[in-house]
Structure formats: structure tokens, C-alpha cells
Amino acid sequence: MKYVFVLLGFLFSSIAFSQQTDFVDFKQIQARIVPDVSTKSVSGNLTIIFDVLKSTDSIFLDAQNITFSNVLLNGSAITYKNDGKKLILFNLFKVSKENIVTFQYTATPKKALYFVGWNNDAPNQVWTQGQGKYTSNWLPSIDDMNDKIEFDLTVEFDSNFSVISNGKLIDKQINGANTIWSYNMNQPMASYLVALAIGKYDKNEDLSGSGIPLEMYYYPEDSLKVEPTYRYTKQMFHFLETEIGVPYPWQNYKQVPVHDFLYSGMENTGTTIFADSFVIDSIAFNDKNYVNVNAHELAHQWFGNLVTETSGTHHWLQEGFATYYALLVEQDVFGENYYYMRLYEYAQELLEQDSRNEGTSLLNPKSSSATFYKKGAWVLHALREKIGNEAFKTAVKNYLEIYQFKNVETTNFIQEAEKVSGQNLDAFVAIWLEADTFPYNVAMASLEQLEYMQEFLMADCEAKNAKCDYYLTAPLSAEAKAKIVAQVPERISGDVFNKGLKVRQAIAKNLVKIPLTLKSKYESLLTDKSYITIESALYNLWVNFPENRADYLNKTKSIVGLPDKNVRLLWLVLALSTPDYEAENKKLFFDELVAYTSADYGFEVRQGAFSYLNALQVFPETAIVNLIEATNHHSWQFKSFAKNVLNQLSNTEEYELIIQRLTKKNQ
């Protein structure tokens, strides 16, 4: 048998190193799966339907560290090999249709499927993140995004939880203490877009103007946050369908917040999963809302899901388009000036990237996120200006309709733009797509045509100090006035406090040395509808006016702030650092701060708590244990942060003593 596998492995290499899509077309994967939270594993039965396009001796599925049994081809046993990365099926496959492979499998994934909260007081959840990590870690499938498959998932789980996946829920059956949820997709998609989310949820349901069911999930305790979190969802859905000119291509649209998500959001087909740090109240809406992420992931349902890049070389066709159309949504929601200010900010970021010699072509698969997302958005803005609004919209519509449910390259889109406009776009492509640097001067010339941007750029105290006092009192836009406040905070007067939330936020952030004449005006910032303003104002008032510290702490004692508890964490540190403030409660305050380092809370909260303890240079044993645990977190950003803090602490005598105690406890 050993020699048979060697020979078969040699034969398999002929297809493994070529494009399998030339030989086989996987049409449908029907999966019945059972996640097991006790072992953080998933087991299941798969039925895979495929057509053989060319004769071949083998086909494969991607399967990372998965075990298999009862592997059958069209009902009969088949020779197969599991190399830890692929399930390879050996047979003299001839051109044919509707072949069926079935098998049972078990996976204990290290990535792509996450079991969150089952050992602590965090929300108990199971959720997926396939892009960049690959669905094949928990569900045998095809990593190659050029092979689009219809995925129909049936999931059995504890009846106390909701199970959410792509497609339409077609059946729910009670099976003892469990419920079996069956979902059906009616169109194919790349496997990285398969979604599974399990948790305790309620949901709001609505219909888009075109009749698409909209399902907005939330934790039962967050019912008052549903409206500000999902604000403008129905409006943006209608806007995108109208602006793009192609109907939403999937059966329904679901949005699900999850705990400790790896990114802001993920555009799984018809089922966006997003970080629950975007579940907010109406005050937080002014500081950090879900609108941009909501619009970005929704735009991906066309750009990325309906049409999908062939490879990373064309990644901007997904991220650049989604970023651009999210900006158009925000323009519709917040106004034209908002749109152009974001483009200006993108241009500054891309200029800074170039100044560090880190700029790359938009067609470089190793480009930065700033290039793919923000340079990509700028390309579409510039192209629309070049060929005209109607030609641009027609080109996008044609592009989506011609290549729907297919894979695309940049030339596919550019050719449609050239056909519709009658223009040769070679020079445009060379400047905007192929060049390593961002055409900053061209971009700024575009923006400077607008009176709003002319005013914003003109208002500059770094270059025109003589006019600063005038700029602070002139009827300029809030953005221009906030810019001046940031440049010369020492020159503001009491009247500037009356210029709106954005200007007041700029004052709170930048006026750190508060004149006595502005004290009462500055104190009013503590009641603003902005947790960022309150956080900055509380700290600056506490520093500037020690005699009033108790008053400021009493006034903000009940404020938690953003989902990362920005105001509460600062409040605890300031209360601990104010000797004569509630001395009898110091231990309670400190214990609360330390508690926020535990896995009961999201990593944003934990990171804030760790940072404050590090600044205080007080790290109790409990926090050390939590920090060590954090170095194994599934979020690489948080893991890296924890490792850096731990490295700093490892040089202290106190840390060594704690580690010695912990070692003795575990012996």
C-alpha cells in the first residue's frame, strides 16, 4: 500500500501544481455539522457534488489538519490520501456530471473557527473568519477563490443559542436539547465567504425597498442600542442598489455582532459578521459608529462576493470598490462635505506612505491596506471624474452583469470603462494603478475645485499666523475651525466653544493648559454628547484644577463611555490617583480596574486596563496571570500588545517574585 500511495502521489502532482478548476468544477457542498465547545472541535458529514471537466487521475479538497472516514465516490469506497493539508481522491475520473463524494470528518481548528467565552463570563459564541485564514481549517472546501460553490449548511447545536449562516433558513427541528438549523444558498460563492455564527441573540427584521429581508442581530441586553448601531441600514441598502444599478444578488442580508472579532467586519455572503465593539448608544454614535463598516461590508456583496478577484494582484477590485461605495453611502447620509473630507484624509495618508518610501502599485499583491482600500477608492473617484458620471455608472453595471458569479481581473473592469466612454485609459492606468506613488498633486487639484476644500486648505495657522484670530471667529466649516483649534489652541476664546460638537471635541483634545478665564466653558465639555470629548476634558480638568478634582469625578462617576470603556477606565485611574477622594473605596476601584484585564471583557477593554496599570507601574498577580493568558489570544494585534507589555514587566523584581509564586502554586 505504501508504494501505491507514492505512485498516486506522483500522479496527483500533475493537477496539484496546475489549476484544478481546469479539471473539476465543484458545484455544491452540503454540510451537516456539529460544533463541540468542550473540545473546540467540529464534526460533520459532507456531500459534495461536482462535474469532471477533463479526465484526470485525482482531485482534491483543501483540508487543514482534518481527519476523515467513510469516504465514498458515487456510493462506493475510493482510494484517498490525507496529507494534513488536502484530501486527495484517486480515481480514473472521466468527463462527467453530478458526481457525488460523501464522507465524515472531524476538525479541531486553530484558526478560522473560534470558540469564544465558554470558559469565562464573556458571551458564549462560535464564529468564523475565513478570509486570510481559510475556511478549510474547519470545513473541507476549496481555498482557491476561483472555484465558486453553493454551500448549504445544516448545524446542530444547543437550543438555547441561535445559529446563523449564509442563505435562507429553510428548516428548524428540535432534537432533544439541541436544535438543527438548515440553511440554503441558491447561488455559488468562494469558500472564504462561508459564515457561521452561534450565540444568544435577538433580532430586528425589516424589508429593503426592493423586498430583500434584512435581519439585524443583537444581544438581548442591548435592545436600546439597536437603532444607533444599525442606523441608516435601510437607507444605505436602497442607495447602493440604486447607485450600482444591479439588484442585491443574494436571498437576504444578515448582520451579526460577535465578541473579540479579528477585524471591524467581514462580508460573508449575505451574512456580515462584525465586531461587537460597534454596538453603541446614541452618544457613542458621534464618536465611533458602524455606518462606514456597515456600508463597506454591504458594498462587498457586489464587489468581492458577486464578482471576485482571481488573485491578490487584483485585490483592489474588492477593497477599493467597497471603500469607494462606502464613501458614497456616507455622502448620501452625512453630506457632500463629509465625502470630500474623507478623500482629503486618504490623500494625506497615502502621501505619508510615499514619504516613507512604502508606496506600491495598486496591482502589487503585497500592497498595504492603505493602498488597496484608500488608493483604490481614489482611483474610482478619479475615473468617474475623467469619463463622466453616466459612463462610470454604466461601466460598473456592465462589469457586474457580465462577470456575475465569476472571477475578474483589473483589465475586465478597465475594458468596460473604455467601451462605454470611448476613451483610451492607458495613461490613466499607468498613473493611478501601475505607479508605485500616489498622484498627490493630481488628487489635490481635483479637491481644490471645491469651495469647501478651498476654505479648509486656506484656513491654516501654521502658514498664516496673522489671520489666526480671524479664522477662529470667521464663519468657516466645523472641519476648518477644528483644524485651527488643533494648530493654535492657546488662542481660542470663549466664543469658539459655541461652534458645535466637532469644534468642542477639538478643544477638549488640544487645549490641555486651560486658562482660568475659560474654566467654566471648558467644564461644560463634560456634558457633551461625545465620550471622546468627555474623556479628554475630564483628564485635562483634573490636571489643571486639583482643587476641583472631586467635583469632576462625581460628575462623571456613572459614565462608561465607548464600548472600550474609555471614560470609566480613565475615571478609575484618576479616582485612585486622587488621595482624598473616597478613600474607603480605593480597593474597590483598583479591583475593578484589574478585573477589566480578564478574558471576561473584549480585548479593547483589556488593552486599556493593561495600559493604565502599566502607566501606574502597579501590576498585581491577577493582572499578570491575565496578561500571560492574553499572549495566546486569537487577535494578533492584542497578542502582540500583551507580549510587549510582558517583556517590559519581565525586567522588574516584582514580576519575578510573582512568577515564582505562580510557579510554586502550579507545582
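Scroll up to find the structure.
Residues numbered from 1 in each chain as written. Predicted model: local features only at pLDDT ≥ 70, side-chain atom pairs only at ≥ 80, totals over all residues. Heavy atoms only, no water.

Chemist: Is there a simple way to explain the overall build of the protein chain in this structure?
Modeler: Within the protein chain, the secondary structure is distributed over 24 helices and 22 strands. For the protein chain, whose C-alpha radius of gyration is 28 Å, the value lies close to the compact-globule estimate of 26 Å for 667 residues. Counting only C-alpha atoms, the protein chain reaches 85 × 75 × 45 Å along its principal axes. Burial analysis of the protein chain (667 residues in total) assigns 55% to the buried set. Long-range pairs, those at least 24 residues apart, make up 65% of the contacts in the protein chain with a sequence separation of at least 6. For the protein chain, the exposed surface amounts to about 28,500 Å²; the carbon and sulfur share of it is 50%. Of the side chains in the protein chain, 60 bear a positive and 78 a negative charge, and the two mean positions are spaced by 2 Å. (Helix = DSSP H or I, 4+ residues; strand = E, 2+ residues; numbered from the N terminus. Rg over C-alpha atoms; globule rule 2.2 N^0.38 Å. Buried < 20%, exposed > 50% of the residue type's maximum accessible area, 1.4 Å probe, protein only. Contact = heavy atoms within 4.5 Å. Areas by Shrake-Rupley, 256 points an atom, 1.4 Å probe, with all protein chains shown as cover. Lys, Arg positive; Asp, Glu negative; His and termini not counted. Charge placed at Lys NZ, Arg CZ, Asp CG, Glu CD.)

Chemist: So what exactly am I meant to see when it comes to the pattern of salt bridges here?
Modeler: Here the idea is simple: oppositely charged side chains can pair when their charged atoms come close. For the structure on display, the rule yields 22 salt bridges. In this structure, Glu-401 and Lys-397 form a salt bridge, with 2.8 Å as the shortest nitrogen-oxygen distance. Of the two residues, Glu-401 and Lys-397 both sit in helix H8 (residues 389-402), 4 residues apart, roughly one turn of that helix. Residue Glu-629 pairs with Arg-606 through a salt bridge whose shortest N-O separation is 2.5 Å. (Salt bridge = Lys/Arg side-chain N within 4 Å of Asp/Glu carboxyl O.)

Chemist: What exactly am I supposed to notice about the state of the cysteines here?
Modeler: What makes a disulfide is a covalent bond joining the sulfur atoms belonging to two cysteines. Evaluated as defined, the whole model comprises 1 disulfide. Paired through a disulfide, Cys-461 and Cys-468 show a sulfur-sulfur distance of 2.1 Å. Here Cys-461 and Cys-468 have matching classes, each one buried. (Disulfide = S-S within 2.5 Å.)

Chemist: In this structure, what is going on with the packing of helix H7 (residues 369-387) against H8? I would like to understand it.
Modeler: Relative orientation and spacing of two packed helices are given, respectively, by the angle between their axes and the distance between those axes. With their axes 6 Å apart at the nearest point, H7 and H8 run at an angle of 125° to one another. Between H7 and H8, the angle falls in the class oblique. Taken together, the residues of H8 that come into contact with H7 (itself represented by Leu-380, Leu-383, Arg-384 and Ile-387) are Asn-389, Ala-391, Phe-392 and Lys-393. Split into classes, the residues belonging to the contact of H7 with H8 amount to 5 nonpolar, 1 polar and 2 charged. (Axes fitted to C-alpha atoms, helices over the stretch in contact; angles between N-to-C directions. Parallel < 35°, antiparallel > 145°, perpendicular 65-115°, else oblique. Nonpolar A, V, L, I, M, F, W, Y, C, P; charged D, E, K, R; others polar.)

Chemist: Hey, could you run me through the environment of Ala-197 in this one?
Modeler: One can find Ala-197 in strand S15 (residues 196-199). Of the residues examined, Ala-197 reaches a relative accessible area of 1% and is grouped as buried. For the pair Ala-197 and Pro-257, spaced 60 residues apart in sequence, the C-alpha to C-alpha distance is 9.0 Å. Setting aside residues no more than four positions away along its own chain, Ala-197 makes contact with Val-126, Trp-127, Ser-162, Val-163, Ile-164, Val-256 and Ile-273.

Chemist: Please explain the pairing of strand S3 (residues 56-62) as it appears in this structure.
Modeler: Within a regular strand, side chains alternate between the sheet's two faces. Burial of S3 is extensive: 7 of the 7 residues sit out of reach of the surface. Where S3 meets strand S7 (residues 86-93), 6 bridges bridge the pair, whose relative direction is antiparallel. The residue bridging Ile-59 from the neighbouring strand is Leu-89, located in S7. (Pairing = 2+ DSSP bridges.)

Chemist: Please clarify how the packing of aromatic side chains should be interpreted in this entry.
Modeler: How two aromatic rings sit relative to each other is given by the distance of their centres and the angle of their planes. Going through the model one piece at a time under the given rule, you end up with 46 aromatic pairs. For the ring pair Tyr-339 and Tyr-340, a centre distance of 4.9 Å and an interplane angle of 80° mean the geometry is edge-to-face. Of note, Lys-200 hangs over the ring of Phe-161, and the distance from its end group to the ring centre comes to 5.1 Å. We note Lys-483 situated over the ring of Phe-456; from NZ or CZ to the ring centre the distance is 4.4 Å. (Phe/Tyr/Trp six-rings, centres within 6.5 Å; stacked < 30°, edge-to-face > 60°. Lys NZ or Arg CZ within 6 Å of the ring centre and 35° of its normal.)

Chemist: How do you make sense of helix H23 (residues 636-649) when you look at a structure like this?
Modeler: Residue pairs three or four apart in sequence face the same way in an α-helix, which turns once every 3.6 residues. An ideal rise of 1.5 Å per residue puts 20 Å on 14 residues; H23 measures up with 20 Å between its terminal C-alpha atoms. Buried within H23 are the following residues: Phe-638, Phe-641, Ala-642, Val-645, Leu-646 and Leu-649. Taken end-on, H23 shows its buried residues confined to a sector of 130°, consistent with a single buried face. (Expected span 1.5 Å × (residues − 1). Arc of directions from axis to C-beta.)

Chemist: What am I meant to see in the nonpolar core here?
Modeler: Generally speaking, a soluble globular protein has its nonpolar side chains buried in company with each other. Ranked by internal contacts, the top residues of the largest apolar core, which has 218 residues, are Tyr-325 and Phe-413. Considering each element in turn, this core owes the most residues, 11 residues, to helix H5 (residues 316-334). When near neighbours in sequence (up to four residues on either side) are disregarded, Tyr-325 contacts Leu-240, Glu-243, Ile-244, Ala-299, Phe-303, Phe-392 and Val-396. (Core = buried A, V, L, I, M, F, W, Y, C linked by side-chain atoms within 4.5 Å.)

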